[in-house]
Amino acid sequence: MIEVKNVTKKYGNFVAVDNISFTVNDGEVVGFLGPNGAGKSTTMNMITGFIEPTDGTIIVNGFDASKQPIKAKQQIGYMPEGVPLYTDLTVKEFVTYMAELKRVPHKEKKERVTNVLRETGIEDVANRLIKNLSRGYKQRVSLAGALVGDPKIVILDEPTVGLDPKQITEIRQLIKRLGKKHTVILSSHILSEVSQICEKVIIINKGKIVAVDTPANLETEKQNVIMLTVEDKRNNMKALQNDIPEITECKCVKDNDDGTKQYMLKSSTEFDLRKKLFDVLPKKDITIFELKSAEKSLEDAFITIIDENTKKRRAEAEAAEKAKEHEKELKEESKKAQKEEKAENKKAKKEAKKEEKGKAKAEKVDNKQEKEQSKIKRQLKSENKKEKTKETKKGGEK
């Protein structure tokens, strides 16, 4: 069993894998799908212990890939993309060397090499140099190297890339046989291959898991698409959505040699178009040659899921950008308000200071006037006193 728990991988500011979690149970054959740059190979490299996650935990058959890396790696046979082989060795020499690297006990090594050569169908080229083999045989040799350690888990990264149809079929059959004895994780861009081989599909896009389900469930997901072949001499199909508003999309997908055209019609899942089409089309002088429900493949499901997820992430990014802009506007408005408030406070302080200064000046003037009035009063009092003294003096003389 493989348990991937909240795993993230960052390269600087770039997030290659973003907080993903999934489980692969014992004996399952799982397809790991995603567009280029989605994080498939990064995830596989973390599971195999080739690179370490930035955050999160990976448990391989009970062993933590970060804390018990050797034990975890012993559980895995990994066939990387690109078939890295020592081409100057013979097939048998290479597989034997891989057995030694994987620490296969000496007593078991010869038997293990023989068995894996037979299992992968390369017994007849065991003594040939690898550089002289076809691409298909090189893929088998790489797979033999992955299997010779008798791993419980086999991880295959693009195992059929570059092969011809016959070689692809042979590798597929080999992977199916592996699924009876091992847990298999398969990464591939050939979705029909995954649909035929795998019991479960994990789809990753832009570093996030967007779907985990069986191929059958993904393929039978509800849709209402009809493929309609008609003869339409007056081009009335262009206005069909006006006559049947339940049609959400009417698209010509093919011009046939006999003058007929094939259209793809979409409607909501609750509405059955067929009865309405048989009723409306003859009235519009449109002859029906063929009408059938479109079958959904894993490829259709994959494209739909990736497109929907991309649209969702784009909408989330736009919403985040708008929120950021709004926050920026609020900050600017707050800053402006603070600036205005500061200016108002400064103005108020200036006016208050001016008023206080005026009051102080007025008080000073008042004090001066009071002093002058007091002085005058004293002078008058002094003069009155002198006059009174003189009068008293004159009265005494008389």
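Residues numbered from 1 in each chain as written. Predicted model: local features only at pLDDT ≥ 70, side-chain atom pairs only at ≥ 80, totals over all residues. Heavy atoms only, no water.

All right, on to a negative patch on the surface then. There is a patch of like negative charges on the surface, built from E321, E325, E329, E332 and E333. Classification of E329 as partly exposed rests on a relative accessible area of 42%. (Patch = residues over 30% accessible without salt bridge, like charges linked within 9 Å, V, L, I, M, F, W, Y side chains within 5 Å. Areas by Shrake-Rupley, 256 points an atom, 1.4 Å probe, with all protein chains shown as cover. Salt bridge = Lys/Arg side-chain N within 4 Å of Asp/Glu carboxyl O. Lys, Arg positive; Asp, Glu negative; His and termini not counted. Charge placed at Lys NZ, Arg CZ, Asp CG, Glu CD. Buried < 20%, exposed > 50% of the residue type's maximum accessible area, 1.4 Å probe, protein only.)

We now examine helix α1 (residues 40-47). Most of α1 is tucked away, with seven of its eight residues classed as buried. Taken together, the buried positions of α1 are K40, T42, T43, M44, N45, M46 and I47. (Helix = DSSP H or I, 4+ residues; strand = E, 2+ residues; numbered from the N terminus.)

Before going further, it helps to examine a nonpolar patch on the surface. There is a patch of nonpolar side chains on the surface, built from Y86, Y97 and L101 and spanning about 310 Å² of accessible area. Counting through the fold element by element, L101 comes out in helix α3 (residues 91-101).

A few words on the sheet that holds strand β6 (residues 76-79). Spatially, six strands are ordered β6-β7-β8-β3-β9-β10 in an open sheet, and the strand pairing comes out mixed. Among the strands making up the open sheet, the edge pair consists of β6 and β10 (208-213). Shown here is a sheet whose adjacent strand axes are inclined to one another by a mean of 15°, direction ignored. By the bridge criterion, five bridges tie strand β7 (residues 153-157) to strand β8 (residues 183-187) in an arrangement that is parallel. Counted as the bridge partner of I153 is T183 from β8. Across the sheet, helix α5 (residues 135-147) is in contact with β6 and β7; its angle to β6 comes to roughly 160°. (Pairing = 2+ DSSP bridges. Axes fitted to C-alpha atoms, helices over the stretch in contact; angles between N-to-C directions. Contact = heavy atoms within 4.5 Å.)

Trans is the prevailing form of peptide bonds, just as negative phi is the prevailing case for residues other than glycine. Even without being glycine, N6 reaches a positive phi, approximately 50°. Structurally, N6 can be placed in strand β1 (residues 2-11). The exposure class assigned to N6 is partly exposed, which follows from its relative accessible area of 44%.

Moving on to the nonpolar core. The biggest cluster of nonpolar side chains holds 45 residues, and the ones touching the most others in it are V91, V95, V141, L143, L156 and I203. Membership of the second largest hydrophobic core comes to 24 residues, among which are I2, V7, V30 and V60. (Core = buried A, V, L, I, M, F, W, Y, C linked by side-chain atoms within 4.5 Å.)

Now for the pattern of salt bridges. Counted by the stated rule, this structure contains 13 salt bridges. For K331, the salt bridge goes to E327, with nearest N and O atoms at 3.9 Å. Note that K331 and E327 are positioned in helix α11 (residues 298-397) at a spacing of four residues, about one turn of the helix. It is possible to trace a salt-bridge network through shared partners that takes in R140, K166 and E170.

To continue, consider the packing of α3 against α5. Relative orientation and spacing of two packed helices are given, respectively, by the angle between their axes and the distance between those axes. Running from amino to carboxyl end, α3 crosses α5 at an angle of 25°, the nearest separation of the two axes being 8 Å. One element, α3, and the other, α5, form an angle in the roughly parallel class. Along this stretch, α3 crosses α5, giving a crossing that reads as right-handed. Residue-level inspection shows V91, F94, V95 and M98 of α3 in contact with α5, the latter providing V141, A144 and G145. Its residues assigned to classes, the contact of α3 with α5 shows six nonpolar, one polar and no charged. (Parallel < 35°, antiparallel > 145°, perpendicular 65-115°, else oblique. Left-handed = near helix turned anticlockwise from the far one by under 90°. Nonpolar A, V, L, I, M, F, W, Y, C, P; charged D, E, K, R; others polar.)

With that out of the way, let us pick up the sheet that holds strand β11 (residues 225-231). Taken together, four strands build an open sheet; the order of strands is β12-β13-β11-β14 and the sheet is antiparallel. Looking at the sheet topology across the chains shown, the edges are occupied by β12 (247-255) and β14 (287-293). Within this sheet the neighbouring strands show an average axis-to-axis angle of 25°, counted without direction.

Another point: the environment of D26. Note on placement: D26 falls in the loop between β2 (14-24) and β3 (29-33). Given the relative accessible area of 57%, D26 is considered exposed. Between the alpha carbons of D26 and E81 there is a distance of 24 Å; along the sequence they are 55 residues apart. Here M1 takes part through its backbone nitrogen, which lies 2.5 Å from a polar atom of the side chain of D26. (Polar contact = N/O pair within 3.5 Å; in protein donor to acceptor, adjacent residues only side chain to side chain.)

Relative to each other, α5 and helix α6 (residues 165-178) sit at 15°, their axes nearing to 10 Å. With respect to each other, α5 and α6 are oriented roughly parallel. Considering the relative orientation of α5 and α6, their crossing is right-handed. Taken together, the residues of α6 that come into contact with α5 (itself represented by G136, Q139, R140, L143 and L147) are Q167, E170, I171, L174 and L178. Partitioning the contact of α5 with α6 into residue classes produces five nonpolar, three polar and two charged.

Looking now at the environment of K284. Structurally, K284 can be placed in the loop between α10 (274-280) and β14. Considered as a pair, K284 and H106 are 178 residues apart in the sequence and their alpha carbons are 81 Å apart. Those residues in contact with K284 that sit more than four places away from it in its chain are N236 and D243. Within polar-contact distance, the side chain of K284 engages the side chain of D243 at 3.5 Å.

So, on to the side chain of D157. Tracing the chain through its elements places D157 in strand β7. For the buried residue D157, which engages in no salt bridge, the nearest side chain bearing the opposite charge is K40, 6.8 Å off.

The grouping of K342, K346, K350 and K354 at the surface amounts to a positive patch. Its place among the elements puts K346 in helix α11.

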